[in-house]
Amino acid sequence: MAFLKLLRQSPLSARIGLAMILINVFAAIFTPWIAPYTETEVVGDVWLEMSRDHLLGTDHLGRDMFTRLIYGARNTIAIAFITTILSFLVGIICGFFAATLGGWTDQFLSRFIDILMAFPTLIFALMVLSVVGTSIAALIVVIALLDSTRVYRLSRAVAMDIEVMEYVEAARLRGEGIWWIMRREILPNAMPPLVAEFGLRFCFVFLFIAALSFLGLGIQPPTADWGGMVRENAGAITFGILTPLFPAGAIAFLTVGVNLIVDWFLHIASGLKD
Amino acid sequence: MTEILRMTKLKIEGFSDEQWVPIVKGVDVRLDKGEVLGLIGESGAGKSTIGLASMAYTRMGCRITGDSIVFDGMELFGADEEFLRKIRGTRIAYVAQSAAGSFNPAHRLIKQYAEAPVQHGIMNFDEAEKKAVDIYRRLLLPDPERIGYRYPHQVSGGQLQRAMVAMAMACTPDIIIFDEPTTALDVTTQIEVLAAIKKITREFNTAALYITHDLAVVAQIADRIMVLRYGELVEENNAREIIASPKEEYTRALLSVRTLTEHKDLSESEKDIILDVRDVSASYSGKQTDLVLEDINLKIRRGRTVALVGESGSGKSTLARVITGLLPPLKGEVIYEGKALPPALKNRTREMLRLAQMIYQMPDTALNPRHKVRMVIGRPLAFYFGMRGQERDNRVYELLEQIELPRKYIDRYPNELSGGEKQRVCIARSLAAKPDLIICDEPTSALDQLVAEGILKLLQELQNELRVSYLFITHDLATVKAISDEMVVMLKGRIVEQGVKKDVLAPPHHEYTELLLSSVPEMDPDWLDNVLEERKRKGIKMQEFVQS
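Each chain carries its own residue numbering, running from 1 in the written order of its sequence. In the order they appear in the text, chains get letters beginning with A and ligands get numbers beginning with 1. Totals for whole chains, interfaces and linings use all residues, but because this is a predicted model, local features are given only for residues with pLDDT of at least 70 and pairs of side-chain atoms are given and counted only at 80 or more. Values shown for side chains rest on all heavy atoms present in the structure; no hydrogens or waters enter the calculation.

Novice: Describe the pairing of strand β10 (residues 232-238) of chain B, naming the residues involved and giving the relevant values.
Specialist: A regular strand carries its side chains on alternate faces of the sheet. All names here are of chain B. Any two strands between which DSSP finds at least two bridges are classified as paired. Here a helix means four or more residues in a row that DSSP labels H or I, a strand means two or more in a row labelled E, and each is numbered from the N terminus. By the bridge criterion, six bridges tie strand β9 (residues 224-229) to β10 in an arrangement that is antiparallel. The partner of R224 across the bridge, within β10, is N238. Where β9 hands over to β10, the hairpin turn is made up of two residues, of which Y230 adopts a positive phi near 50°.

Okay, here's the thing in structure tokens:
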């Protein structure tokens, strides 16, 4: 109910963002019913023009582009979303621990993260994935852990600023445990920068998966994912065919939608502050 | 006398909540050459806004809407930016409240001094340098030939504030706007800056707008005083008359010296002692060589208020940290009702923590902005007494009543409260724990005078009702006089004098106490001159204690 009330007062941009996300979510949930063909079916010639049969034409193997976009929504959004959530859980918990406990805990965690960050992410991911194999689960865990190093840094920095506030000192003097301080005193005040970061990270994860797919270690063909589809069809650009722009546009569409919502949250949060 | 500035029906609006709200509602200001006009009022009175408007400048999000600002025969309202730029800094200068925040830490003082005259093409750097030395000397800065070559962090707060006055003087302006120039300073430093400002405005015959919330300060400097409230003029008169015979109720309220003192039985009995600090020494580095506190002995009795007085850096807040366990002492112990408390916070039991609560200086940072009042006050109830649901809410209502706030405040966030109301909520939070001792760390220094008085009254009533003791940390001697039973004077980590207030305030004093007491501005317009005269006679150097 509170959410509906909030929605009624929301600015136009937020509603647009919400609509954009809902379209994607709809496509992801009802995939088999919307898609005219199946994910891997070859339905015609390579790189066909848009037509009544093939709304967005066909790809480099003659599969229906529209169908693969819809299947791609399911894979890409789900994987990116789970990955980002996971990386934020790990990053925030570790970051807050380091900031509130300080001392050795902070030193140990921070130096460990420094070591992880010293490797170029892509190379590190390649190395780990080639050892553990390229299942989707492995992909999610590896990218989430790599991404959580960045989240860790941000949440530690934000939490350190909040940690020195007098209301946190008051909570400590009351005798509150670390869990309460992290969850009730620090987290609500750290939300705005973390939410903004979430919007960004969510998009970076798409691109990272695409990069991995390009090197053959990401989502394995024939499974459709947007990043991979851009890469597979990239060659078409030289012939003046627009096919690769569709998955690219889909990524942009979702990204813009997510960020509009994030902006709206930030607006609400900053309104509370001053 | 010739008129240098006249603002007629000055109106200024600020943009908030999607609309323009009036901040200054048609105030007339007149300033003659060489005259010092005091603008006084509480926060939100629009005094700083008026000060800035005299150079046709407003802060971001504000605009001047009328009617006219005439400076030396020129209309500034609606004048183009290029023209205003030539006047600002050369003919009208500004001295901000926080010198530490206004100087660029990366450049030497003299370079920043020379910026305005060189930029405006009035002098070249060498000339500016020579003039700087002269002005530094007039402002009684030590070592005037060389002090300009220091960086801002290498001089003390009072010296920095004077260096800023020197900067404003660089182009020998017609008007200087002083925006609370001494508010952030200790009393013993404040008096030096006041003396310097008074001297230099007289010597150069500069007109000045002196903005402050402290009537006693403005009485020393100003020829004429305007009392402002909610962007409107309350009363205007020359300084002596306004102090001797204020016409408006509001001015009288500002003038009224705080009289909260009451008589208590101050006999010394051992069984009443609730907190006993014995031989405490402490340092932040953990080394014996840089002690912040040295051999502190302090007793607090039930139902009494002990005021801990000292300037910034004297270690008074550190002592509070030792008592609460945030900083375990190197030596000595904190004894509560005959039993020694574990030195570190994490070894104390919940019951021990309950007994001593804190109230902070800044209610803004002492309350979590994301917690409603229900949570702020209710949490200690749940935490210490296990209260839940309706029982807890009822107790919160009781506490709200005790701090004189309406019941509906239970669902408000801190940002929906005023500064004084926030401080009341902080008081309620500490009362919720039913403590024996409340440590108040400058609880009124961030508040307006009248609001602060309300808080002090409330604290006193609560003490009478609940027999709670206060350790009252402050640098404001007026507050001490108003509320305390006993006084402890601290200087550089040591206690120099302590005892019942009456005895400490009566001579003979320790010489530092003497200096401190004589530095508190009084309402008498001749006070500053008298004190300086007296000190000259006795040969007391003001810097001695603070610097050595």
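On we go from here.
Novice: Explain the interface of chain B and chain A to me, and be specific about the residues and the numbers.
Specialist: Contact definition: two residues touch when any of their heavy atoms are within 4.5 Å. Between chain B and chain A, the residue contacts involve 23 residues of the former and 21 residues of the latter. Computed with a 1.4 Å rolling probe, the buried area is the accessible surface lost when two parts are put together, summed over both parts. Both faces combined, the contact of chain B with chain A buries some 2,100 Å², and carbon together with sulfur accounts for 57% of it. Looking at the side of chain B facing chain A, the largest losses of area belong to Y360, R370 and R379 of chain B, adding up to 31% of the total buried there. The working definition used for a salt bridge is a side-chain nitrogen of Lys or Arg within 4 Å of a carboxyl oxygen of Asp or Glu. Where chain B packs against chain A, one counts two salt bridges.

Novice: Now, about the packing of helix α5 (residues 125-138) of chain B against helix α7 (residues 157-169) of chain B: what can you tell me, with residues and values included?
Specialist: For any two helices packed against each other, the geometry is given by the interaxial angle and the distance between the axes. All names here are of chain B. Angles shown run from 0 to 180 degrees and are taken between the N-to-C directions of axes, each axis being a line fitted to C-alpha atoms and, for helices, limited to the stretch in contact. In contact at an axis separation of 10 Å, α5 and α7 are set at 130° when each is read in the N-to-C sense. Taken together, the axis directions place α5 and α7 in an arrangement best described as oblique. As α5 runs across α7, the sense of the crossing is right-handed. Listed contacts from α7 to K131, I135 and Y136 of α5 are A163, A166 and M169. The nonpolar class holds Ala, Val, Leu, Ile, Met, Phe, Trp, Tyr, Cys and Pro. Asp, Glu, Lys and Arg form the charged class, and all remaining residues, Gly among them, are polar. Its residues assigned to classes, the contact of α5 with α7 shows five nonpolar, no polar and one charged. For classification purposes, an angle smaller than 35 degrees is called roughly parallel, one larger than 145 roughly antiparallel, one from 65 to 115 roughly perpendicular, and anything else oblique. Crossing handedness follows the turn of the near helix against the far one: under a right angle anticlockwise gives a left-handed crossing, and clockwise gives a right-handed one.

Novice: Can you tell me about unusual backbone geometry, naming the residues and giving the values?
Specialist: Residues and elements named next belong to chain B. Of note, the phi angle at D72 is positive, near 50°, even though the residue is not glycine. Looking at the secondary structure, you find D72 in the loop between β4 (62-71) and β5 (74-75). Here L140, not a glycine, exhibits a phi torsion of approximately 60°, which is positive. The topology assignment puts L140 in the loop between α5 and α6 (144-147). We classify L140 as partly exposed; its relative accessible area is 49%. Exposure is judged per residue with a 1.4 Å probe applied to protein chains only, and the accessible area is read against the type maximum: over 50% gives exposed, under 20% gives buried, and values in between give partly exposed.

Novice: Account for the sheet that holds β5 of chain B, naming residues and giving values.
Specialist: All names here are of chain B. Pairing is antiparallel across the open sheet formed by four strands, whose spatial order is β2-β1-β4-β5. Because the sheet does not close on itself, it has two edges, and the strands there are β2 (19-32) and β5. Of the pairings in the sheet, the one linking strand β1 (residues 3-16) to β2 comprises eleven bridges and is antiparallel in character. Pairing of I12 across the sheet is with V24, part of β2.

Novice: Quick rundown of helix α9 (residues 178-214) of chain A? Include the residues and the values.
Specialist: Helix span, as expected, comes to 1.5 Å for every residue beyond the first. Helix length check: α9 of chain A, at 37 residues, gives a terminal C-alpha distance of 44 Å against a target of 54 Å (1.5 Å per residue), a shortfall beyond 12%. Think of it this way: the bend at a residue is just the angle between two axes, each fitted to seven residues, one set ending at that residue and the other starting at it. Helix geometry: α9 of chain A is bent most strongly at L187 of chain A, by close to 55°, with proline P188 of chain A lying one to four residues after it.

Novice: Summarise the packing of aromatic side chains; cite the residues concerned and give the values.
Specialist: Pairing of aromatic rings covers Phe, Tyr and Trp, the last through its six-membered ring, and needs centres within 6.5 Å; plane angles under 30 degrees mean stacked, over 60 mean edge-to-face, and all others mean tilted. For the structure on display, the rule yields 14 aromatic pairs over all chains. Aromatic side chains F81 of chain A and F198 of chain A sit 6.4 Å apart centroid to centroid with 85° between the ring planes, which places their arrangement in the edge-to-face category. In this pair, F81 of chain A sits in helix α4 (residues 65-101) while F198 of chain A sits in helix α9, placing the two residues 117 residues apart along the sequence. With relative accessibility at 41%, the residue F81 of chain A sits in the partly exposed group. Ring geometry for F81 of chain A and F202 of chain A: centres 6.1 Å apart, planes at 85°, overall edge-to-face. Separated by 121 residues along the polypeptide, F81 of chain A in helix α4 and F202 of chain A in helix α9 bring together distant segments of the chain. Since its relative accessible area comes to 4%, F202 of chain A is described here as buried. These aromatic residues form a ring-pair network of at least three members: F81, F88, F198 and F202 of chain A. Criterion for a charge above a ring: Arg CZ or Lys NZ at most 6 Å from the ring centre, at most 35 degrees from the ring normal. The cationic tip of R379 of chain B hangs over the ring face of W180 of chain A; the distance from NZ or CZ to the ring centre is 3.5 Å. Sitting above the plane of the F385 of chain B ring, K434 of chain B keeps its charged end 5.5 Å from the centroid.

Novice: So, the side chain of T100 of chain A: which residues are in play, and what are the values?
Specialist: Residue and element names in this part refer to chain A. Inspection of the secondary structure puts T100 in helix α4. The class for T100 is buried, based on a relative accessible area of 7%. For the purposes of these results, a polar contact is taken to be a pair of N or O atoms within 3.5 Å, where, inside protein, one atom must be able to donate a hydrogen and its partner to accept one; residues adjacent in sequence count only when each atom of the pair is a side-chain atom. Here F96 takes part through its backbone oxygen, which lies 2.4 Å from a polar atom of the side chain of T100. In this structure T100 touches E163, R172, I178, I181, M182 and I186, once residues within four positions along its chain are discounted.

Novice: Can you explain the sheet that holds strand β15 (residues 339-340) of chain B? Please cite residues and give values.
Specialist: All names here are of chain B. Judged by pairing direction, the sheet is antiparallel, and its four strands sit side by side in the order β12-β11-β14-β15 without closing on themselves. Pairing within the sheet leaves two strands with one partner each, and these edge strands are β12 (293-301) and β15. Where strand β14 (residues 331-336) and β15 come together, two bridges link them in antiparallel fashion. Bridge assignment links Y336 to a residue of β15, and that residue is K339.

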